[in-house]
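This is what each chain is made of:
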Amino acid sequence: MAGVRFFTVLNTSFWARVGITAAIYLAVQWVILSLHPAGWTKYWVLQAPDTRQYWDAGIYAQLALAPACTAFYPLWPRIIHWLSLSTALVPTLRLAQLASASLFLLSLPIALFTFEKILKDRQIAFLSFFLYAVGPNAIFHSIGYTESLFSLLSLLFLLTLVAIEEPSVSSDKAAGWYGVLFALTVGLSLTRTILLQ
């Protein structure tokens, strides 16, 4: 039933708000990358990477190529490893950046739906969503880090909590939702330092 309710609230206005916000996000990214002389060159890794330019994204790409026990949690590098057809660092780094940006853009409808569901005020929910999608921290959703995956799993975690709290949820359904909640907790814990620890 929750899935059916999700799609019934997705009307034209909803998609317009998501589309406009995504367009503004992409425009801001384009402007920022265009203002720096080497912005696009660095973003698409068109020069030899070094650790100063790509920080953790380079480490995630290296872990995708050769998994190792490090301080970096394994889910994001594992996903990049499954998606990658390359055994070289630069194409893997490019894939990680493209995957994180794509995952963020694809999760925007879920983000707006989550904000609307929790805040119960469309204007405040949209303002919160807009700041989430276009605020300064949004840059981390497009540079190959774990933030896009962590954000998506966090949104699903919050929606699961909301579903559990629905008055119409029976104890049998609640047990199923708690299973989903546990799976999301494991996913979050394999992405960032949180929850299970």
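In this report, we go over the structure that sits alongside the text.

Conventions used here
Within every chain, residues take consecutive numbers counted from 1 along the sequence as written. Selection of residues for local features in this predicted model requires a pLDDT of at least 70, selection of side-chain atom pairs for listing and counting requires 80 or more, and totals for whole chains, interfaces and linings are taken over all residues. Values shown for side chains rest on all heavy atoms present in the structure; no hydrogens or waters enter the calculation. Helical segments are the DSSP runs of H or I of at least four residues, strand segments are the runs of E of at least two, and each set is numbered from the N terminus. Relative accessibility thresholds used throughout: buried, under 20% of the residue-type maximum; exposed, over 50%; partly exposed, between the two (1.4 Å probe, protein chains only). Contacts are assigned to residue pairs that have any heavy atoms within 4.5 Å of one another. Each accessible area value is a Shrake-Rupley result obtained with a 1.4 Å probe; residue values ignore everything except the protein chains displayed when judging cover. Within this scheme, the nonpolar core is defined by two criteria: the residues are buried Ala, Val, Leu, Ile, Met, Phe, Trp, Tyr or Cys, and they are joined through side-chain atoms within 4.5 Å. Throughout this description, a polar contact denotes any pair of N or O atoms lying within 3.5 Å of each other; where both atoms belong to protein, one of them has to be capable of donating a hydrogen while the other can accept it, and for residues adjacent in sequence the pair is counted only when both atoms sit in side chains. Classification of ring pairs uses Phe, Tyr and Trp, with its six-membered ring standing for Trp, and accepts pairs whose centres are within 6.5 Å; under 30 degrees between planes counts as stacked, over 60 as edge-to-face, and the remaining range as tilted. In this analysis an axis means a line fitted to C-alpha atoms, helices contributing only their contacting stretch, and an angle means the value between N-to-C directions, from 0 to 180 degrees. Working definition: roughly parallel below 35 degrees, roughly antiparallel above 145 degrees, roughly perpendicular at 65 to 115 degrees, and oblique for all remaining angles. Helix crossings get a hand from a simple test, with the near helix turned counterclockwise from the far one by less than a right angle marking a left-handed crossing and a clockwise turn marking a right-handed one. The classification used treats Ala, Val, Leu, Ile, Met, Phe, Trp, Tyr, Cys and Pro as nonpolar, Asp, Glu, Lys and Arg as charged, and all other residues, Gly among them, as polar. Exposure above 30% relative accessible area and no salt bridge define the residues that can form patches, which grow by joining like charges within 9 Å and nonpolar side chains of Val, Leu, Ile, Met, Phe, Trp and Tyr within 5 Å. We define a salt bridge as a side-chain nitrogen of Lys or Arg found within 4 Å of a carboxyl oxygen belonging to Asp or Glu.

### Focus: the overall build of the chain
Right, so step 1: Of regular secondary structure, the chain possesses nine helices and zero strands.
Right, so step 2: Listed by position from the N terminus, the elements making up the chain come as α-α-α-α-α-α-α-α-α.
Right, so step 3: The 197 residues of the chain split such that 40% are buried.
Right, so step 4: Across the chain, contacts joining residues at least 24 apart in sequence account for 65% of those joining residues at least 6 apart.
Right, so step 5: Summed over all atoms, the accessible surface of the chain reaches about 11,000 Å², with 71% contributed by carbon and sulfur.

### Section: the nonpolar core
Right, so step 1: In this structure, V18, F104, L108, F129, Y132 and A133 are the most contacted members of the largest nonpolar core, which totals 18 residues.
Right, so step 2: When contributions to this core are tallied by element, the ones reaching two or more residues are α2 (12–35), α6 (89–119), α7 (122–134) and α8 (147–165).
Right, so step 3: Ranked by the residues each element gives to this core, the list is headed by α6, at six residues.
Right, so step 4: Aside from chain neighbours lying at most four places away, what touches F129 is R17, V18, T21, L108, A111, L112 and F115.
Right, so step 5: A96, A99, L153 and I164 belong to the second largest nonpolar core, which has 15 residues in total.

### As for unusual backbone geometry
Phi is mostly negative for residues that are not glycine, and the peptide bonds are mostly trans.
Right, so step 1: Backbone geometry at K120 places phi at a positive 60 degrees, although glycine is not the residue there.
Right, so step 2: By the secondary structure assignment, K120 is in the loop between α6 and α7.

### Comments concerning the side chain of T191
Right, so step 1: Relative to the assigned elements, T191 resides in the segment after α9 (171–189).
Right, so step 2: Within the structure, T191 has its side chain in polar contact with the backbone oxygen of G187 (distance 2.7 Å).
Right, so step 3: If we skip the residues at most four places from it in the chain, T191 touches Y73, L75, T146, L149, F150 and L153.

### A few points about the packing of aromatic side chains
Right, so step 1: Going through the model one piece at a time under the given rule, you end up with eight aromatic pairs.
Right, so step 2: With a centroid separation of 5.1 Å and 85 degrees between ring planes, the pair formed by Y60 and F72 is classed as edge-to-face. In this pair, Y60 is assigned in helix α4 (residues 51–65) and F72 in the loop between α4 and α5 (75–83), connecting sequence segments 12 residues apart.
Right, so step 3: Three or more aromatic residues joined by ring pairs make a cluster, and in this case those are Y25, F104, F115 and Y132.

### As for the side chain of S151
Right, so step 1: Position of S151 relative to the elements: it lies in helix α8.
Right, so step 2: Judged by relative accessible area, which is 14%, S151 ranks as buried.
Right, so step 3: Aside from chain neighbours lying at most four places away, what touches S151 is Y132 and H141.

### Some points on the packing of α2 against α7
Right, so step 1: Packing of α2 against α7 leaves a shortest axis separation of 9 Å and a crossing angle of 25 degrees. Between α2 and α7, the crossing angle belongs to the class labelled roughly parallel. The interaxial crossing formed by α2 with α7 has right-handed handedness. Here S13, R17, V18, T21, I24, Y25 and V28 of α2 come into contact with α7, specifically with R122, F126, F129, F130, A133 and V134.
Right, so step 2: In terms of residue class, the contact of α2 with α7 is built from nine nonpolar, two polar and two charged.

### Focus on a nonpolar patch on the surface
Right, so step 1: A cluster of nonpolar residues, W30, V31, L35, W40, W44 and L98, forms a patch on the protein surface that exposes about 620 Å² of accessible area.
Right, so step 2: For the nonpolar patch, the leading source of residues is α2, giving three residues.
Right, so step 3: With respect to the helices and strands, the residue W30 is situated in helix α2.

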